[in-house]
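Residues per chain are reported as follows:
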Amino acid sequence: MSVFETTERAQKYQHDLLEFMDSHVYPAEAVYEEQMRDSGDPHFQPPILEELKEQARSRGLWNLFHPHPEWGPGLTNLEYAPLAEIMGRSPHLAPEACNCNAPDTGNMEVFTLFGSDEHKERYLKPLLDGKIRSAFVMTEPQVASSDATNVQMSMVRDGDEYVLNGRKWFASNALHKNCTVMIVMGKTDPTAAVHRQQSMLVVPMDAPGVTVLRGLPVFGYQDREGHAEIDFHDVRVPVTDVLKGEGEGFAIAQARLGPGRIHHCMRAIGMAERALELLCRRAQSRVTFGKPVSDNANIRDWIAEARIDIEMIRLLTLKAAYLMDTVGNKAAQTEIAAIKVAAPNIALKIVDRAIQVHGAGGVTDDFPLAMAYAHLRTLRLADGPDEVHKRAIARQELRKYREA
């Protein structure tokens, strides 16, 4: 078996998920848009999504991301990666319908690995059941959060509690109607070693002193789950709600981000595949200057380049997933950083060209391309901007020659 050949059980999940997408998810997209428009609320939870969740659960397409057999199907990164790609073809419906949406996936893994029995009972189980949602809260408006050592939120120990003060923003999922809990990163000991100053605490959304100030738009879009700016003023959290231990914030972040980046990148590839499909269909159906748009040499170049680029980035992402499964996240750090740069950039280029072929329609909401563009452009900042990952890759390359 080649290293990237998937298992029979993973093939079965792929088959079932593709059938679910064709029979339920794609037909639901227009219904979803209509229900969102009629509600007048960008953070509305449309009924069609709840129907899709029921369908996904009945098919066993639920919590597919979870690598621990006690809590999910126990798929490896390599087995799950193609499933993330398939769900990425409808990024605003399929991941949540299958309970595989960020940041809940990462938060559920954190609760699994580092949460107490109380955290698992109070938060992990309802998250796995799809009854509640969660937020991940790290980025701050007053510092360059691409360097996580800059995080300034104060977490001061006071007896059996920590007292939190600070301002956060781009808290993913914090405006979701069912969001109940946050995992918050802040500074517990400014005098400790640089990477031991930060901790992660579990904070209920309704904790006294937590104020959601606004939802931040992304290229004019208000995502349904929201990107919130949140003020924390004398928020008291029991010391039992520190995850793993004081000073373990960076260690948790590394455990969380590796699989999350695989998921993001494979979903980006799914968006690129959907964009290429739309590009080809549009180019063949429209005529300019007496011939189909697809007969133009530059359009054929775009199509060929898109296919080459998608295959390359898919193989690189699967390699990263394979290395994570076999030698661990640390040994795969160069590949993880590389896919985080390459996947959104390549997908963004393909979506941009699909918009161009669609003409004015491409920048409207009549097609999924404009929102995909906004999402992918944002992904070049989420989980670290391109420049941070390139810096890490270059450092690894140079280290080889210093050691030599």
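A quick note: this is a predicted structure, and the numbers were derived from the prediction, not measured.

K.L.:
Could you give me a rundown of the layout of surface pockets, with the residues and numbers involved?
P.N.:
Each pocket or cavity is described by its volume, and for the second largest pocket that value is around 760 Å³. What lines the second largest pocket is a set of 30 residues, and nearest its centre among them are Tyr 32, Glu 33, His 92, Asp 365 and Met 371. Where the lining of the second largest pocket is concerned, the elements lending two or more residues are helix 1 (8–39), helix 7 (249–285) and helix 10 (369–379). The greatest single-element share of the lining of the second largest pocket, amounting to eight residues, is contributed by helix 1.

K.L.:
So, the packing of aromatic side chains: which residues are in play, and what are the values?
P.N.:
Two aromatic rings, taken as a pair, are described by how far apart their centres are and by the angle between their planes. Under the criterion given, the structure shown has two aromatic pairs. Their ring planes at 70 degrees and their centres at 5.1 Å tell us that Trp 169 and Phe 170 sit as a pair that is edge-to-face. By relative accessible area, which is 25% here, Trp 169 ends up partly exposed. Phe 170 gets classed as partly exposed once you look at its relative accessible area, which sits at 33%. Seen from the ring of Tyr 162, Arg 157 lies directly overhead, with NZ or CZ sitting 5.9 Å from the centre.

K.L.:
So, the pairing of strand 4 (residues 179–187): which residues are in play, and what are the values?
P.N.:
Working note: regular strand, side chains alternate between the two faces of the sheet. Along strand 4, eight of the nine residues are buried, which leaves the element largely enclosed by surrounding structure. Note: strand 1 (residues 133–137) against strand 4, five bridges, orientation parallel. Among the inter-strand pairings, Ala 135 is bridged to a residue of strand 4, identified as Met 182. Direction of pairing for strand 4 relative to strand 5 (residues 198–204): antiparallel, over a ladder of seven bridges. The residue bridging Gly 186 from the neighbouring strand is Ser 199, located in strand 5.

K.L.:
An account of empty space enclosed by the protein is needed here, citing residue identities and associated values.
P.N.:
Under the defined criterion, the tally for this structure stands at one cavity of 30 Å³ or more. By volume, the largest cavity amounts to about 40 Å³. Forming the boundary of the largest cavity are Glu 118, His 119, Arg 122, Tyr 123 and Asp 241. A class-by-class count of the residues in the lining of the largest cavity yields one nonpolar, one polar and three charged.

K.L.:
Please provide a residue-by-residue account of the packing of helix 1 against helix 2 (residues 47–58), values included.
P.N.:
Closest axis-to-axis distance for the helix 1/helix 2 pair is 9 Å, and the angle between their directions is 165 degrees. Our classification of the angle between helix 1 and helix 2 gives roughly antiparallel. Here helix 1 and helix 2 pass one another in a crossing that is left-handed. Across the interface between the two elements, Phe 20, His 24, Val 25, Ala 28, Val 31, Tyr 32 and Gln 35 of helix 1 pack against Pro 47, Ile 48, Leu 52, Gln 55 and Ala 56 of helix 2. Partitioned by chemical class, the residues of the contact of helix 1 with helix 2 number nine nonpolar, three polar and no charged.

Here is what the cut-offs are and how they apply
Residues numbered from 1 in each chain as written. Predicted model: local features only at pLDDT ≥ 70, side-chain atom pairs only at ≥ 80, totals over all residues. Heavy atoms only, no water. 1 Å grid on protein atoms, 1.4 Å probe; cavity = no way out; pocket = protein on both sides within 12 Å on 5 of 7 lines; lining within 4 Å. Points joined across faces, edges and corners; volume = space filled by probe spheres on them. Helix = DSSP H or I, 4+ residues; strand = E, 2+ residues; numbered from the N terminus. Phe/Tyr/Trp six-rings, centres within 6.5 Å; stacked < 30°, edge-to-face > 60°. Buried < 20%, exposed > 50% of the residue type's maximum accessible area, 1.4 Å probe, protein only. Lys NZ or Arg CZ within 6 Å of the ring centre and 35° of its normal. Pairing = 2+ DSSP bridges. Nonpolar A, V, L, I, M, F, W, Y, C, P; charged D, E, K, R; others polar. Axes fitted to C-alpha atoms, helices over the stretch in contact; angles between N-to-C directions. Parallel < 35°, antiparallel > 145°, perpendicular 65-115°, else oblique. Left-handed = near helix turned anticlockwise from the far one by under 90°. Contact = heavy atoms within 4.5 Å.

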